[in-house]
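Descriptive analysis of the structure
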Amino acid sequence: QLALEYDHVKLEKLKVAKSDLAGAREHVGKDLRKAIGVAMANIEKFHAAQLQPPMEVETMPGVLCKRKSMPIEKVGLYIPGGTAPLFSTVLMLAIPAKLAGCKEIIICTPPNQEGKIHPAILYTANLVGIEHVYKVGGAQAVAAMALGTESIPKVDKIFGPGNQYVTVAKQIATKYGVAIDMPAGPSEVMVVADDTADPAFVAADLLSQAEHGADSQAVLITMHEAVIEKVQEEIRKQIQKLPREKIAERALAQSMAILAKNDQQMLDIVNGYAAEHLILSLKNADEWAEHIEHAGSVFIGNFTPESAGDYASGTNHTLPTNGFARAYSGVSIDSFVKKITFQKITEEGLLALGPVVETMAAAELLEGHKNAVSIRLAKIMEKA
């Protein structure tokens, strides 16, 4: 019913048939398949390096503490497919989910008006080993994954970017005991440029973000007025060549160029904004990068376009927006695991640690806590 109302399509079945997943390869060109393969290898390499072995620490003789990463059992991946079919997001979410060892991974993505999913999304899902793909998008997809329906299973955590409705739906889902990756709403980029930056590069980076959606934001900050003028001139030239020109124009209408007085003011604004994507088009970009405290992902130097991180460098493109980078990280292996702690105490260990616990419990007036230790200490002393 909601698919009919919002996606204008009548669906017989929500789940994509296995034959359609396997058959999608025939509708994806050889060059794109090759490109997806390279991106997949880079993303796997970077994320596999994030896997952590169990940690063991003997805090004092006879007191052993451990921490172990365990996969989140059931995860739901939301793949935007409205104005642009983001098959790259399948790689960014499914690869770390697989590496982490999640047992059940489902994908929800909106169909087109013919009731079909873009073949590149299906091909990529099949390539990374996802068997459960559902034709549902928007806030209703998030609700389905959060609560479970007759056809879509309930999950423990929901991942993926989306429009403002998807973002709010994810935040509401947390009230129903379902975790989310982060509040990731409309996309944004901030470019920091000096007089060594290539205006054409800067304009291209700003436009690449602006074409995401009318609610995207692109921000340029510099100490050079001439840089702003040259970049604006380049934007006027390049935007005319974009198929998504109208979307980019609407995004640019709410974007801005900031003229800073000095390096410190520029840095303060950059860290205050906490951009999802931060591009450092600067002569001393490496040095600047050391001073970045708040950002989703940082792109260093004139030859590091944000598009590289969006697709294939290896880092994840599901990142915190709207200033949430002050407290949230982008998606990583850590997003798909929870860390359980363990402790094991020997009799020798309890003899040393027990009196400490007794003293602290007594001071908090929690006699039951103290007694759980005292009764054991008495037993040990009996044996001695």
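For the structure, see preceding data.
Here the structure is a predicted model, which is why all the values come from computation and not from measurement. (Residues numbered from 1 in each chain as written. Predicted model: local features only at pLDDT ≥ 70, side-chain atom pairs only at ≥ 80, totals over all residues. Heavy atoms only, no water.)

Here's the deal with the overall build of the protein chain
Of the regular secondary structure elements, the protein chain holds 15 helices and 13 strands. Taken over the C-alpha atoms alone, the protein chain extends approximately 85 × 60 × 35 Å along its principal axes. Split into buried and exposed, the 384 residues of the protein chain put 44% on the buried side. Long-range contacts, defined as pairs at least 24 residues apart, comprise 73% of the intrachain contacts of the protein chain with a sequence gap of at least 6. (Helix = DSSP H or I, 4+ residues; strand = E, 2+ residues; numbered from the N terminus. Buried < 20%, exposed > 50% of the residue type's maximum accessible area, 1.4 Å probe, protein only. Contact = heavy atoms within 4.5 Å.)

Observations regarding the nonpolar core
Nonpolar side chains tend toward joint burial in soluble globular proteins. Among the nonpolar cores identified, the biggest contains 39 residues, and Val-75, Leu-77 and Phe-336 are the most heavily contacted of them. When residues of this core are traced back to their parent elements, those giving at least two are helix H3 (30–48), strand E3 (74–78), helix H4 (87–100), strand E4 (104–109) and helix H5 (119–127). If you tally residues by element for this core, the top one is H4, at 9 residues. Beyond its immediate sequence surroundings of up to four residues, Val-75 is in contact with Ala-97, Cys-102, Glu-104, Ile-105, Ile-106, Val-155, Lys-157, Phe-159 and Phe-336. In this structure, Ala-218, Ile-235, Ala-248 and Phe-299 belong to the second largest nonpolar core, which totals 20 residues. (Core = buried A, V, L, I, M, F, W, Y, C linked by side-chain atoms within 4.5 Å.)

Some words on the sheet that holds strand E10 (residues 256–259)
Read across the open sheet, the 5 strands follow the order E10-E9-E8-E11-E12; overall the sheet is parallel. Two strands in the sheet have a free side with no partner beyond their single neighbour: E10 and strand E12 (297–300). Between one strand axis and the next, the sheet turns through 15° on average, direction left out of account. Across 6 bridges, strand E8 (residues 188–193) lies against strand E9 (residues 217–222) in parallel orientation. The partner of Glu-188 across the bridge, within E9, is Gln-217. (Pairing = 2+ DSSP bridges. Axes fitted to C-alpha atoms, helices over the stretch in contact; angles between N-to-C directions.)

What about the pairing of E8?
Burial of E8 is extensive: 6 of the 6 residues sit out of reach of the surface. Along E8, one buried face is formed by Glu-188, Met-190 and Val-192 and the opposite face, lined by Val-189, Val-191 and Ala-193, is buried too. Viewed along the sheet, the connection from E8 through helix H8 (residues 199–210) into E9 turns out right-handed. (Right-handed = clockwise from strand over helix to strand, strands pointing away.)

Overview of a nonpolar patch on the surface
There is a patch of nonpolar side chains on the surface, built from Leu-147, Val-168, Ile-172 and Tyr-176 and spanning about 400 Å² of accessible area. Inspection of the secondary structure assignment puts Ile-172 in helix H7 (residues 164–173). The exposure class of Ile-172 is partly exposed, given its relative accessible area of 42%. (Patch = residues over 30% accessible without salt bridge, like charges linked within 9 Å, V, L, I, M, F, W, Y side chains within 5 Å. Areas by Shrake-Rupley, 256 points an atom, 1.4 Å probe, with all protein chains shown as cover. Salt bridge = Lys/Arg side-chain N within 4 Å of Asp/Glu carboxyl O.)

As for the packing of aromatic side chains
A complete count under the given rule lists 3 aromatic pairs for this structure. With a centroid separation of 5.5 Å and 70° between ring planes, the pair formed by Phe-201 and Phe-303 is classed as edge-to-face. A residue pair is termed long-range when its members are at least 10 positions apart, and Phe-201 in helix H8 and Phe-303 in the loop between E12 and helix H13 (306–311) qualify at 102 residues. Between Phe-324 and Tyr-328, the aromatic rings sit 5.6 Å apart at their centres with planes inclined by 85°, giving edge-to-face as the arrangement. (Phe/Tyr/Trp six-rings, centres within 6.5 Å; stacked < 30°, edge-to-face > 60°.)

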